[in-house]
Amino acid sequence: MSNHQPNHNNFTSKIGLILATAGSAVGLGNIWRFPVLAGQNGGAAFLILYIFCVILIGLPLMVGEFIIGRHAQSNTAYAFSKLTNHKIFKNIGRFGVFTGWFILCYYIVVSAWALDYLVDAILGRFGKLSEAGNAQVYADYFHDFITNPYLPVIYTIIFILLSHLIIIRGVKKGIEKFAKFLMPLLFIIMLILVVFSIFTEGAQEGLTFLFKPDFTKITFSTILTAMGQAFFSMSIAMGCLCTFASYFTKEANLINTAFKVGVIDTLVAVMSGIIIFPAVFSAHFAVNSGASLAFIALPNVFQQAFSHLPTVSYIISILFYFLLVLATLTSVISLHEVPTAFLAEHYKISRTKATSIVTATVCFFGTICSLSNGVLSDITISGKNIFDLFDYVSGQIFLPIGGLLIAVFVGWSMDKDIIRNQLTNFGTIPGKGATTIIYLLKYVIPVITLLIFLSGLNIIKL
Ligand code: TRP
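Per-chain numbering applies: the sequence of each chain, read as written, is numbered from 1 onward. Restriction of local features to residues with pLDDT of at least 70 applies here, the model being predicted, together with a cutoff of 80 or more for giving and counting side-chain atom pairs; totals for whole chains, interfaces and linings are based on all residues. Heavy atoms from the whole structure form the basis of all side-chain values; hydrogens and water molecules are not counted.

Peer 1: Can you walk me through the overall build of the protein in this structure?
Peer 2: Note on conventions: DSSP H or I runs of at least 4 residues are helices, E runs of at least 2 residues are strands, and numbering of each starts at the N terminus. If you tally the helices and strands in the protein, you get 20 helices and 2 strands. C-alpha atoms define the radius of gyration, and 2.2 Å times the number of residues to the power 0.38 defines the globule rule. What you see for the protein is a C-alpha radius of gyration of 21 Å, in line with the 23 Å of a compact globule of 462 residues. Each principal axis of the C-alpha atoms in the protein carries an extent, and together these give about 65 × 50 × 45 Å. Residue exposure (1.4 Å probe, protein chains only): buried if accessible area is under 20% of the type maximum, exposed if over 50%, otherwise partly exposed. Per-residue burial for the protein yields a buried fraction of 60% across its 462 residues. Throughout, the Shrake-Rupley method with a 1.4 Å probe supplies accessible areas, and for residues the shown protein chains are the sole cover considered. In the structure as shown, the protein presents an accessible area of about 18,600 Å², 66% of it carried by carbon and sulfur atoms.

Okay, here's the thing in structure tokens:
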């Protein structure tokens, strides 16, 4: 079982597998969701909690999924049922499949916004908006767009069809090549924008917000939000990374890979915070409004950054949104692939049919989520529209439950020899950190996740 099947397509290089996995992790979670949550939850204090969650909970869980995936060599739902006969654990994979589909239904809506912004950048619309001379126009522009009954729905459908076409062809081979080129480029562009952002006038307030903590704002619900965001951003807790790990070579060092992917993912989130918050403060936007700061502040940054060189602004905004769309597409593909692979294998239907079922259902619910920002905004449950509800339920409920189950499964139910062998590559590498990771998965993560989860939802009072 430990040997790879001969026809199983593995990632070929070390850097390739790290970047391909990072390609699934880096997406709207880093650039769109992180700034929204940091803005609502006190900035720096949230960032610190977030980093704690990444290190103590996220990384060990990522390693856990890698262990399951590389050992079982199969798709998410099967990986679990292959490894255990236990009823609950057998169903973790299915729960992950459902979560992936559920996240995709609203993630695709935000992907559509990114695609629209790419088109706007190409048409030079942001340059025209900047002529108004105040940043409010960007907020109005965004609001008008997402409440429009047609455009966002059309882009949502275009985006899902795009990923549909790629998924049908099979994604394995393309991903590595793509990621090796794409990830460094995204990183470089973001770095340029970070440098610019730090040196702009009035950046101080935004940077203070992001880096100077005020712990009085922290509640259990903040911690739950930070934990959910760590799961979301690192693509963990629904078994998606198992599939990636099944493509790893047997020489890949699982702990080291998880660490590097975690660092890349966190850096991208922090960098987008550094780019966005100074712009938000200098334009006097409400940082805690929950509004999608990335879509409001970023176009403004592009114009401001090179205000004397409109052509550079124009090119940078196209390049950035192009990369954002691609980074988003890799995440969408990883979310789409999980239910597709499950349907195809479980119900023995063709891949094309399975892809179509996922695409059609996501089109339907995606449209509803999209419209809930505009014409359907009156439908709310405890003050949240359907879009926000999908976001809340997946981040604050489904992913924490998935994380808890995976930790308990790897920590308590899986064969210890499998874990050791996977972490030390059958004794060929020292597997530094293995003991700590097993300890975290076994005791710390189940307890912390459960406590944070229940108190964050106000089910128990601590
Ligand atoms: N991590 C991706 C992002 O930050 C989203 C994502 C892709 C995801 N695959 C996932 C989230 C699996 C949870 C589980 O945009």
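Peer 1: What am I meant to see in the environment of Val410 here?
Peer 2: Looking at the element boundaries, Val410 is found in helix α18 (residues 386–413). Taking the C-alpha atoms as reference points, Val410 and Leu441, separated by 31 residues in sequence, lie 7.0 Å from one another. When neighbours within four sequence positions are excluded, Val410 is seen to be in contact with Gly64, Ile68, Lys416, Ile419 and Leu441. Contacts between residues were defined by any pair of non-hydrogen atoms, one from each residue, lying within 4.5 Å.

Peer 1: For this particular structure, what's the right way to read the packing of aromatic side chains?
Peer 2: The relative placement of two aromatic rings is captured by the distance of their centres and the angle of their planes. Two rings from Phe, Tyr or Trp (for Trp, the six-membered ring) form a pair when their centres sit within 6.5 Å of each other. Planes less than 30 degrees apart are called stacked, planes more than 60 degrees apart edge-to-face, and all others tilted. On inspection of all chains with the given rule, the structure shows 37 aromatic pairs. In this structure an aromatic cluster arises from ring pairing among Trp32, Tyr106, Trp113, Tyr117, Phe126, Tyr141, Phe142, Phe295, Phe302, Phe320, Tyr321 and Phe387. Ring-over charges, as used throughout, are those where CZ of Arg or NZ of Lys falls within 6 Å of the ring centre and within 35 degrees of the ring normal. We note Lys384 situated over the ring of Tyr392; from NZ or CZ to the ring centre the distance is 4.6 Å.

Peer 1: Can you walk me through the pattern of salt bridges in this structure?
Peer 2: Opposite charge on two side chains permits them to pair, given that their charged atoms come into close proximity. Throughout this description, the term salt bridge denotes a Lys or Arg side-chain nitrogen within 4 Å of a carboxyl oxygen of Asp or Glu. Within the structure shown, the criterion is met by 4 salt bridges. The partner of Asp391 in a salt bridge is Arg33, with the nearest N and O atoms 2.8 Å apart. Separated by 358 residues along the polypeptide, Asp391 in helix α18 and Arg33 in helix α2 (residues 28–40) bring together distant segments of the chain. Here Asp214 and Lys217 are joined by a salt bridge, their closest N and O atoms 3.1 Å apart.

Peer 1: Explain the site of the ligand here, please?
Peer 2: A molecule or strand has a residue near it when one of that residue's heavy atoms lies within 4 Å. Lining the immediate surroundings of the ligand are 17 residues, of which Ala25, Gly29, Tyr107, Phe232 and Ser235 lie closest. The term polar contact refers here to a pair of N or O atoms within 3.5 Å; inside protein, the definition further demands a hydrogen-donor-capable atom paired with an acceptor-capable atom, and it admits residues adjacent in sequence only when both atoms are side-chain atoms. Here Asn30 contributes a side-chain N or O atom positioned 3.4 Å from an oxygen atom of the ligand. Between the ligand and Ser233 there is a distance of 3.1 Å, counted from a nitrogen atom to a backbone nitrogen or oxygen. For the ligand, the protein covers 100% of the area, taking 360 Å² as the surface of the free molecule. Looking at side-chain class alone, the shell around the ligand contains 9 nonpolar, 8 polar and no charged residues. Basically, the charged four are Asp, Glu, Lys and Arg, the nonpolar ten are Ala, Val, Leu, Ile, Met, Phe, Trp, Tyr, Cys and Pro, and anything else, Gly included, counts as polar.

Peer 1: I would appreciate a short explanation of a nonpolar patch on the surface in the present structure.
Peer 2: A patch consists of residues exposed above 30% relative accessible area that lack any salt bridge, with like charges linked at up to 9 Å and nonpolar side chains (Val, Leu, Ile, Met, Phe, Trp, Tyr) linked at up to 5 Å. A cluster of nonpolar side chains, contributed by Ile51, Phe52, Ile55 and Leu56, occupies part of the molecular surface with about 350 Å² of accessible area. Here Ile51 shows up in helix α3 (residues 44–72). According to the relative accessible area criterion, Ile51 is partly exposed, its value standing at 32%.

Peer 1: Explain helix α4 (residues 76–83) to me, please; I cannot follow it from the model alone.
Peer 2: Every α-helix carries 3.6 residues per turn, so stepping three or four residues along brings you back to the same face. Buried within α4 we find Thr76, Ala77, Ala79 and Phe80. Across the axial projection of α4, the buried residues extend over an arc of 165°, all falling on one side. Buried-residue contacts for α4 involve α3, α5 (87–90), α6 (92–122), α13 (240–245), α16 (310–346) and α18. Throughout, the arc means the angular range of directions from the helix axis out to the C-beta atoms.

Peer 1: Hey, could you run me through the side chain of Asn41 in this one?
Peer 2: Checked against the element boundaries, Asn41 lands in the loop between α2 and α3. You can call Asn41 buried: its relative accessible area is 15%. Each residue touching Asn41, except ones within four places of it in the same chain, is listed here: Phe46, Thr222 and Thr225.

Peer 1: How do you make sense of helix α8 (residues 136–147) when you look at a structure like this?
Peer 2: A helix is expected to reach a length of 1.5 Å times the quantity of its residues less one. The end-to-end C-alpha distance of α8, which contains 12 residues, comes to 17 Å, matching closely the 16 Å that a straight helix rising 1.5 Å per residue would cover. When α8 is considered as a whole, its buried residues turn out to be Val137, Tyr138, Ala139, Phe142, Phe145 and Ile146. Of the surrounding elements, those touching the buried residues of α8 are α6, α7 (125–130), α9 (151–169), α15 (293–305) and α17 (351–371).

Peer 1: I tried to follow unusual backbone geometry on my own but got confused; where do I start?
Peer 2: A negative phi angle characterises most non-glycine residues, just as the trans form characterises most peptide bonds. Despite not being glycine, Ala237 shows a phi value in the positive range, around 75°. Within the secondary structure, Ala237 sits in the loop between α12 (220–233) and α13. In the Ramachandran plot, Ser382 falls in the positive-phi region, its phi being about 35° despite a non-glycine side chain. Counting through the fold element by element, Ser382 comes out in the loop between β1 (380–381) and β2 (384–385).

Peer 1: What's the story with the environment of Thr449 in this structure? I'm lost.
Peer 2: Counting through the fold element by element, Thr449 comes out in helix α20 (residues 434–456). Note: C-alpha distance between Thr449 and Val36 (413 residues apart in sequence) is 23 Å. In contact with Thr449, other than residues within four places in its own chain, are Met227, Phe231, Pro400 and Leu404.

Peer 1: I would appreciate a short explanation of the packing of α9 against α17 in the present structure.
Peer 2: Packed helices, taken two at a time, are described by the angle their axes make and the gap between the axes. In this analysis, axes come from line fits to C-alpha atoms, helices being fitted only over the stretch in contact, and the angle between any two N-to-C directions falls in the range 0 to 180 degrees. With their axes 10 Å apart at the nearest point, α9 and α17 run at an angle of 160° to one another. With respect to α17, the axis of α9 lies roughly antiparallel. Viewed along their axes, α9 and α17 form a crossing whose handedness is right-handed. Touching Pro152, Val153, Thr156, Ile157, Ile160, Leu161, His164, Ile167 and Ile168 of α9 are Arg351, Thr352, Thr355, Ser356, Thr359, Val362, Cys363, Gly366, Thr367, Ser370 and Leu371, all from α17. Its residues assigned to classes, the contact of α9 with α17 shows 10 nonpolar, 9 polar and 1 charged. Working definition: roughly parallel below 35 degrees, roughly antiparallel above 145 degrees, roughly perpendicular at 65 to 115 degrees, and oblique for all remaining angles. Working rule for handedness: look at the near helix, and if it is turned counterclockwise from the far one by less than a right angle, call the crossing left-handed; if clockwise, right-handed.

Peer 1: Any chance you could explain the side chain of His164 here in plain terms?
Peer 2: Within the secondary structure layout, His164 lies in helix α9. On the accessibility criterion, His164 (12% relative accessible area) is buried. At 2.6 Å, the side chain of His164 and the side chain of Thr359 are in polar contact. In contact with His164, not counting residues within four places along its chain, are His336, Thr355, Ser356 and Thr359.

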